[in-house]
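# Coordinates in review
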Amino acid sequence: MSRHLPIVAVTPFPAAAAHELKDAQLRANLGRATRTIRDKRARVVAEVPDWEELRERAARTKDEVLDRLPELLAAFEAAAVGAGAVVHHAADAAAANAIVADLVRQQGAERVVKIKSMATQEIGLNEALADAGITAIETDLAELIVQLADDTPSHILVPAIHYNRAQIREIFAERMPGFTAESDEPAVLAGAAREYLRRTFLSAQVAVCGANFAVAETGSLVIVESEGNGRMCLTLPGTLIAVVGVEKLLPRMADLGDFLRLLPRSSTGERMNPYTSIFTGVTPGDGPQRLHVVLLDNGRTKTAQDPVGRAALRCIRCSACLNVCPVYERTGGHAYGSVYPGPIGAILSPQLTGQDAGANRSLPYASTLCGACYDVCPVKINIPEILVHLRQTGPKPAAERAVMSTLSWVMRDRRRWRAALRAARTGAAPLRAVTRRHGGTLRRAPWPMTAWTAHRDAPLPAPESFRDWWRRTHAE
Ligand code: SF4
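To keep things clear, this report deals only with the structure shown in the data block. (Residues numbered from 1 in each chain as written. Predicted model: local features only at pLDDT ≥ 70, side-chain atom pairs only at ≥ 80, totals over all residues. Heavy atoms only, no water.)

### Considering the pattern of salt bridges
Heads up, the rule is: Any carboxyl oxygen of Asp or Glu that lies within 4 Å of a side-chain nitrogen of Lys or Arg is treated as forming a salt bridge with it. Elements are defined by DSSP. Helices are runs of H or I of four residues or more, strands are runs of E of two residues or more, and each kind is numbered from the N terminus. To sort residues, take the accessible area from a 1.4 Å probe on protein chains only and compare it with the maximum for the residue type: under 20% means buried, over 50% means exposed, and anything in between is partly exposed.
Throughout the structure, instances matching the rule amount to 27 salt bridges. R38 is paired through a salt bridge with E329; the nearest N and O atoms lie 3.0 Å apart. Of this pair, R38 sits in helix α2 (residues 24-46) while E329 sits in helix α15 (residues 326-331); the two residues are 291 residues apart in sequence, bridging distant segments of the chain. Overall, the relative accessible area of 15% leaves E329 in the buried class. One salt bridge connects R443 with D457, and the closest N-O pair in it is separated by 3.9 Å. A residue pair is termed long-range when its members are at least 10 positions apart, and R443 in the loop between β11 (441-442) and α21 (450-453) and D457 in the loop between α21 and β12 (458-459) qualify at 14 residues. Residue classification places R443 among the partly exposed residues on the basis of a relative accessible area of 48%. When salt bridges that share partners are traced, they join E64, R68, E71, R252 and D255 into one network.

In structure tokens:
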């Protein structure tokens, strides 16, 4: 069955954002949470004297991966298979979902436990498994909250960022078997989730994970998490299935150190990550005895061919760009209509799917181009540059295309440009008197300018151009 991909926006961003902006509680929750993480990040980043060198080196390493992608994938596969893993290749979401569902069925399992993974969210794995009669249980606390609420994540790292603790208690009371607590203290809520999940871990036969990094040299997978739920999934079930985007590769184990310094400081504002698991193949008698790695393309090799847009594939999903983005802070993640929200979502989703998919063409416009995202990105992705590139290369409405090509024709010739300015000044002359008390700006213009003045004022052309003024005042 072909299903809606969770990286394809259904509603154009302006309409979705307008809807989310009406929710004052959401804005308060988001403002508080992003401010806290942002401040923590700034403090711990300031402690690292070689932060800029680290960023540079990490960006270079990721670019090397993109340059050598086929070779490094082959190296990873050879090393992983040599260590006892089985490697599968999935060209798209449907192929990846089918591989995972088959592997779970082969184990006779009806449910799987999951470690938080953006790749599995991107392909809609939980929904695909449900269609196959398999229940996927999220074990990350925030993902569990979102799953119990029958909601979708609104932040890469803090999927339940849009809920406060009173709302979370309500969700648990309604949906978590055995939850009876009256308190919404974080320790009480976390304790209840721990108890519920502990029972689940002990009976699971199959776990599904993603990977933060995949080391080509050794065939190792690296998972970085904060709660220890990942460790449980990586050690208790007999079968482990990892769905890994092909861009997650690192060439060498020695490269990992830079990323383990950059990632926790950029994401949670911590100096070190609480649980970092590195595992290679299978070890007889220790941990899962069957390891399957599904290498996911889903638009990545196509994106890697775009000389400007490919930098988006450096992303290590730290979410620092979300926490500093003035647009994200106000609209939240759901407005982007994709599991990748915020600045990285605005450049990644349209590239992975193509800008013609759903309303994804509206995403590169979900930005003020202020550049805060570029400043904090640990792998130096120039997000504003890619946004502009996607705006230039993406599909545009016919009316906009016509206006732009006319403007381009007028502006290519000095005489045409002067004539156009003269005509605009003459046309605006009768409006000067009526707009004087608004500082000479139009507040409501007739079509086709209505779209502009719906959100901002339109200044009238100056009564005299600079050139005319110069000529008049410097006659000799
Ligand atoms: S684009 Fe950069 S800042 Fe944003 S999530 Fe990716 S790595 Fe982090």
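### So, the sheet that holds strand β9 (residues 275-280)
Short version of the rule: The rule for pairing is simple: two strands pair if DSSP sees at least two bridges between them. Any two residues having at least one pair of non-hydrogen atoms within 4.5 Å are treated as being in contact. Structural elements are reduced to axes, namely lines fitted to C-alpha atoms, with helices fitted over the stretch in contact, and the angle between N-to-C directions of any two is expressed from 0 to 180 degrees.
Pairing in this open sheet of 4 strands is mixed, and the strands run β8-β5-β6-β9 from one edge to the other. Of all strands in the sheet, those with a lone pairing partner are β8 (249-250) and β9, marking the two edges. Inspection of the sheet shows strand β5 (residues 213-215) paired to strand β6 (residues 220-225) by 3 bridges, in the antiparallel sense. Pairing of A214 across the sheet is with L221, part of β6. Lying on the sheet, helix α12 (residues 256-267) is in contact with β5, β6, β8 and β9; it crosses β5 at an angle near 170°.

### Comments concerning the nonpolar core
To be explicit about the condition: The term nonpolar core refers to a set of buried residues drawn from Ala, Val, Leu, Ile, Met, Phe, Trp, Tyr and Cys, joined through side-chain atoms within 4.5 Å.
Counting 58 residues, the largest nonpolar core has F13, F213, Y336, I344, I347 and I381 as the members making the most contacts within it. At 5 residues, helix α16 (residues 342-353) tops the list of elements feeding residues into this core. When near neighbours in sequence (up to four residues on either side) are disregarded, Y336 contacts A9, F13, C325, V327, Y328, T331, P341, G342, L363 and A366.

### Concerning a positive patch on the surface
Selection rule: Only residues whose relative accessible area exceeds 30% and that form no salt bridge enter a patch; like-charged residues are grouped when within 9 Å of one another, and nonpolar side chains (Val, Leu, Ile, Met, Phe, Trp, Tyr) when within 5 Å. Calculation of accessible area relied on Shrake-Rupley with a 1.4 Å probe; when residues are assessed, cover is drawn exclusively from the protein chains displayed. None of His or the chain ends enter the tally, which takes Lys and Arg as positive and Asp and Glu as negative. Where a charge lies is defined by one atom per residue type, namely NZ (Lys), CZ (Arg), CG (Asp) and CD (Glu).
On the surface, R414, R418, R422 and R467 cluster together to form a positively charged patch. Top contributing element to the positive patch by residue count: helix α20 (residues 414-435), with 3 residues. Here R418 is to be found in helix α20. When its relative accessible area of 31% is taken as the criterion, R418 is described as partly exposed.

### As for α2
Quick reminder of the rule: One less than the number of residues in a helix, times 1.5 Å, gives the span that helix is expected to have. We call two N or O atoms a polar contact when they sit within 3.5 Å, provided that within protein one can donate a hydrogen and the other can accept it, with sequence-adjacent residues counted only if both atoms are side-chain atoms.
With 23 residues, α2 should reach 33 Å at 1.5 Å per residue; the first-to-last C-alpha distance of 33 Å fits that figure. The N-cap of α2, judged by a side-chain oxygen 3.2 Å from the amide nitrogen of Q25 a few residues on, is D23.

### Describing helix α3 (residues 51-67)
Quick note on the threshold: Summarising the geometry, the arc corresponds to the directions from the helix axis toward the C-beta atoms.
Helix length check: α3 (17 residues) gives 24 Å between terminal C-alpha atoms against 24 Å at 1.5 Å per residue, within 8%. W51, L54, R55, A58, A59, T61, K62, V65 and L66 are the residues of α3 that are buried. Along α3, the residues classed as buried sweep out an arc of 160° about the axis, all on the same side. Residues of α3 that are exposed and point over 90 degrees away from its buried face: E53, R60 and D67. Of the surrounding secondary structure, the elements contacted by the buried residues of α3 are α2, α4 (69-82), β8, α12 and α17 (372-376).

### Brief notes about a nonpolar patch on the surface
Among the surface-exposed residues, V403, M404, L407, M411 and W417 lie close enough to one another that they form a single nonpolar patch of about 480 Å² accessible area. Tallying contributions element by element places helix α19 (residues 398-411) first for the nonpolar patch, with 4 residues. Here L407 lies in helix α19.

### Section: the environment of L348
As for its placement among the helices and strands, L348 is situated in helix α16. The buried category is assigned to L348, whose relative accessible area is 1%. C-alpha of L348 to C-alpha of G299: the two residues are 49 residues apart in sequence and 9.9 Å apart in space. With sequence-adjacent residues up to four places away left out, L348 is seen in contact with A312, L313, R317 and Y340.

### As for the pairing of strand β10 (residues 290-296)
In terms of residue burial, β10 counts as a mostly covered element, since 6 of its 7 residues are buried. Across 5 bridges, strand β1 (residues 86-90) lies against β10 in parallel orientation. Counted as the bridge partner of V86 is H292 from β10. Relative to β10, strand β7 (residues 239-245) runs parallel, the two being bridged by 7 bridges. Counted as the bridge partner of G245 is L296 from β10.

### Concerning the packing of aromatic side chains
So the rule is basically this: Stacked, edge-to-face and tilted are the three classes for Phe, Tyr and Trp ring pairs, Trp counted by its six-membered ring, which pair at centre distances within 6.5 Å; planes under 30 degrees apart are stacked, over 60 edge-to-face, the rest tilted.
This model, assessed by the stated rule, comprises 7 aromatic pairs. An angle of 35° between the planes, with centres 6.0 Å apart, marks the rings of F466 and W470 as tilted. Here W470 and F466 lie together in helix α22 (residues 466-473), a separation of 4 residues that amounts to about one turn. Of the residues examined, F466 reaches a relative accessible area of 60% and is grouped as exposed.

### Structural notes on the site of the ligand
The condition that has to hold: Think of it this way: one heavy atom of a residue within 4 Å of a molecule or strand is enough to make that residue near it. When residues are sorted by character, Ala, Val, Leu, Ile, Met, Phe, Trp, Tyr, Cys and Pro go into the nonpolar class, Asp, Glu, Lys and Arg into the charged class, and all the rest, Gly among them, into the polar class.
Lining the immediate surroundings of the ligand are C315, I316, R317, C318, S319, C321, I344, C377, P378, V379, I381 and I383. Grouping the amino acids of the shell around the ligand by side-chain chemistry returns 10 nonpolar, 1 polar and 1 charged.

### What about unusual backbone geometry?
Positive phi is not limited to glycine here, since D150 has a value of about 60°. Inspection of the secondary structure puts D150 in the loop between α8 (141-148) and α9 (165-175). Judged by relative accessible area, D150 falls into the exposed class, the value being 66%. The backbone of S319 sits at a positive phi, close to 75°, despite the residue not being glycine. Structurally, S319 is set in the loop between α13 (300-304) and α14 (320-324).

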